[in-house]
Amino acid sequence: MNFFTVAAQTVDSGTKMDIGDAAITAVFGYVVVFFGLVLLMCVLYITGSVFSNREKKAAAEEKSAAEKPAETVPAPKKVPPAPGSAGHIKLHDVPDKEAAMIMAIVADTLHTPLNELHFISIKEVK
């Protein structure tokens, strides 16, 4: 079958609409679409308010937990360094991340495990 003959048969088999019926159908279509959009907007507002209420309740619970007396919380115990640890290092104007990189580079250059090295202090030379 040829495309044009199929298209012609389809056009002839449809019902004819006058301009008034077409306008009513178009307006009804627009009303349905906008009603769906308004309904979706209402669902989003309700969902947002539910989640904001949850956040407010969580913040209020945290605040009430913070207001409880501190004597119920046990004081942290001093923990000895882990086995193989080199203890504390004094850092002079060096961030922790840079100090860790420096220690890793030294350990790699010396071909020695990091837990066998003992760093006393790291200082930036200016």
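Rules used in this analysis
- Residue positions are given per chain, counting from 1 as you read along its sequence in written order.
- A pLDDT threshold of at least 70 governs which residues receive local features in this predicted model, and a stricter bar of 80 or more applies before side-chain atom pairs are shown or counted, although totals over entire chains, interfaces and linings include all residues.
- No hydrogens and no water enter the side-chain calculation; it runs on all heavy atoms of the structure.
- Buried Ala, Val, Leu, Ile, Met, Phe, Trp, Tyr and Cys residues that are joined via side-chain atoms within 4.5 Å together make up what is termed a nonpolar core.
- Each residue gets one of three labels from its accessible area relative to the maximum for its type: buried under 20%, exposed over 50%, partly exposed in between, using a 1.4 Å probe on protein chains only.
- Only heavy atoms matter for contacts: two residues are in contact if any of them lie within 4.5 Å across the pair.
- Strands are runs of DSSP state E lasting at least 2 residues, helices are runs of H or I lasting at least 4, and numbering of each runs from the N terminus.
- To estimate the expected span of a helix, count its residues, drop one, and scale the result by 1.5 Å.
- Here, the arc refers to the directions that run from the helix axis to the C-beta atoms.

A.B. asks: Before we go on, may I ask you to explain the nonpolar core in this structure?
C.D. replies: As a rule of thumb, nonpolar side chains are buried together in soluble globular proteins. Of all hydrophobic cores here, the largest spans 7 residues; its members are Val94, Ala99, Met103, Ala107, Leu117, Phe119 and Ile122. Setting aside its immediate chain neighbours within four residues, methionine 103 contacts Ile89, Leu114, Phe119 and Ile122.

A.B. asks: I would appreciate a short explanation of helix α3 (residues 96-110) in the present structure.
C.D. replies: For an α-helix the count is 3.6 residues per turn, leaving residues at separations of three or four pointing the same way. With 15 residues, α3 should reach 21 Å at 1.5 Å per residue; the first-to-last C-alpha distance of 21 Å fits that figure. Residues of α3 that are buried include every one of Ala99, Met103 and Ala107, and no others. Each buried residue of α3 sits inside an arc of 70 degrees when the element is viewed along its axis, so together they form one side. Residues of α3 that are exposed and point more than 90 degrees away from the buried face comprise Lys97, Ile105, Asp108 and Thr109. For α3, the elements touching its buried residues are β1 (90-92) and β2 (121-123). Positive phi appears at histidine 111, one or two residues downstream of α3, with a value of about 55 degrees.

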